[in-house]
Amino acid sequence: MRPRRPVLVALGLLAALAAGGCVMIPAAGGEASPGTPESSPSQDRSDLRASNRFALTGRFSARHDGRQLTALFAHQTDGLNTLTEVFSPLGTVLARLQVDALGTTLALADGTVRRDASIGALLKEFTGLEVHDEALPFWLRGLPGNPAVTTTGGLFRESGWLIDVIEVSAESPHAPRRMRWRPQALPESEIVWLIDRWVFE
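Residues numbered from 1 in each chain as written. Predicted model: local features only at pLDDT ≥ 70, side-chain atom pairs only at ≥ 80, totals over all residues. Heavy atoms only, no water.

Engineer: Got a minute to help me understand helix α2 (residues 119-127) in this structure?
Structural biologist: One full turn of an α-helix is made of 3.6 residues, so residues set three or four places apart face in the same direction. Looking only at α2, the buried set comprises I119, G120, L122, L123, F126 and T127. Looking straight down α2, one finds that the buried residues subtend no more than 160° of arc, so they occupy a single side. Positive phi appears at G128, one or two residues downstream of α2, with a value of about 80°. (Buried < 20%, exposed > 50% of the residue type's maximum accessible area, 1.4 Å probe, protein only. Helix = DSSP H or I, 4+ residues; strand = E, 2+ residues; numbered from the N terminus. Arc of directions from axis to C-beta.)

Below, the structure written as structure tokens:
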């Protein structure tokens, strides 16, 4: 049996960073190594803000406007270059967003290609919810985009959203395992993230 596409992508992202001497952090649903129990979201995670080379894989579920969606994803940040891919639960590639020196390209499963798109546009494509691009790279790490924003017990409010880091790794830099994002104006809507794997340089 051939490996499923998300598995291949995840392994590719993890191997690329691991080759550069990275720390791999198991997450919820993964096989945590002995001595790395769950940690409180209030744990100091300031080291995450300085990280500009990392990868994560997992799944997200979204509820909005009477619709519900579950998808797999893989994301890699390498300085100013990023690659984000979204898959169906069965492994079908739904979208691929690449940002590099040549610009931004969003390719959808139906063959549509958009230039100058963004990770916020990609997320809206599947959830219908607007997220500011500037904040997203930080929110994925469970941090406010503005360092002056106060975080209490893993919870903070920014740009009209309530970001709740429910569970983090006990191993530094205490990356999120499980998060819930809710637009404050739409309390019935939410995006829940379950991170299966993190890799940091």
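Engineer: For this particular structure, what's the right way to read the pairing of strand β10 (residues 161-169)?
Structural biologist: On a regular strand, each side chain points to the face opposite its neighbour's, so the side chains alternate between the two faces of the sheet. Of the pairings in the sheet, the one linking strand β9 (residues 155-158) to β10 comprises 4 bridges and is antiparallel in character. Bridge pairing in β10 links L155 to D164. Hairpin remark: β9 followed by β10, antiparallel, with 2 residues in the connecting loop; positive phi at S159, about 50°. (Pairing = 2+ DSSP bridges.)

Engineer: How should the environment of L94 be read in this particular structure?
Structural biologist: Within the secondary structure, L94 is located in strand β6 (residues 93-100). Residue L94 is classed as partly exposed on the basis of its relative accessible area of 23%. For L94, the residues in contact, after removing those within four places along its chain, are V86, F87, S88, A107, L108, A109 and F126. (Contact = heavy atoms within 4.5 Å.)

Engineer: How should I be thinking about the pattern of salt bridges in this particular structure?
Structural biologist: When the charged atoms of two side chains lie near each other, side chains of opposite charge can form a pair. In this structure the tally under the stated criterion is 10 salt bridges. Of the charged contacts in the structure, one is a salt bridge between R96 and E85, with a shortest N-O distance of 3.4 Å. Of the two residues, R96 sits in strand β6 while E85 sits in strand β5 (residues 81-87), which places them 11 residues apart along the sequence. A salt bridge links R178 to E167, with the shortest nitrogen-to-oxygen separation between them at 3.8 Å. Here E167 lies in strand β10 and R178 lies in strand β11 (residues 176-183), a separation of 11 residues in the sequence. Residue classification places E167 among the buried positions, given a relative accessible area of 8%. Each of the salt bridges in this network shares a partner with another, and the network as a whole consists of R63, R180, R182 and E190. (Salt bridge = Lys/Arg side-chain N within 4 Å of Asp/Glu carboxyl O.)

Engineer: So what exactly am I meant to see when it comes to the nonpolar core here?
Structural biologist: General note: in soluble globular proteins, nonpolar side chains tend to be found buried as a group. Judged by nonpolar contacts, the single largest core of 37 residues is most densely connected at W139, W161, W181, I191 and W193. For this core, the element with the most residues is strand β12 (residues 190-200), which contributes 5 residues. Here W139 is in contact with V131, P144, G145, F156, E158, S159, W161, I163, M179 and W181, once residues within four sequence places are set aside. (Core = buried A, V, L, I, M, F, W, Y, C linked by side-chain atoms within 4.5 Å.)

Engineer: Quick question: what am I supposed to make of the packing of aromatic side chains here?
Structural biologist: The geometry of an aromatic ring pair comes down to the distance between the two centres and the angle between the two planes. If you walk through the whole model with that rule in mind, you get 9 aromatic pairs. Both rings, one in F73 and one in W193, keep their centres 5.2 Å apart while their planes meet at 85°; by these two values the pair is edge-to-face. Residue F73 is located in strand β4 (residues 67-78), and its partner W193 is located in strand β12; the two are separated by 120 residues in the primary sequence. Across this residue pair, the class does not change: F73 and W193 are buried. When the ring of W139 is compared with that of W181, the centres are 5.5 Å apart and the planes differ by 80°; the resulting orientation is edge-to-face. Within this pair, whereas W139 is found in helix α3 (residues 136-139), its partner W181 is found in strand β11, the two being separated by 42 residues in sequence. When its relative accessible area of 0% is taken as the criterion, W139 is described as buried. The class of W181 is buried, set by a relative accessible area of 0%. (Phe/Tyr/Trp six-rings, centres within 6.5 Å; stacked < 30°, edge-to-face > 60°.)

Engineer: Just to check I follow, could you spell out unusual backbone geometry for this structure?
Structural biologist: It is generally the case that most residues other than glycine have a negative phi and that most peptide bonds are trans. Even without being a glycine, D65 presents a positive backbone phi close to 55°. Assignment of secondary structure puts D65 in the loop between β3 (53-64) and β4. Residue D65 is classed as exposed on the basis of its relative accessible area, which comes to 66%. Even without being glycine, S159 reaches a positive phi, approximately 50°. Turning to its location among the elements, S159 is positioned in the loop between β9 and β10.

Engineer: Is there a simple way to explain the confidence of the model for the chain in this structure?
Structural biologist: Fine structural detail should not be taken from predicted coordinates in areas where pLDDT scores are low. This prediction gives the chain a mean pLDDT of 80; 78% of its residues lie at or above 70. Within the model, the stretch residues 1-22 combines pLDDT values under 50 with 36 contacts to residues more than four positions away or in other chains. This model gives residues 27-37 a pLDDT under 50, and the stretch forms 17 contacts once residues within four places in sequence are excluded. (pLDDT = per-residue confidence, 0-100.)

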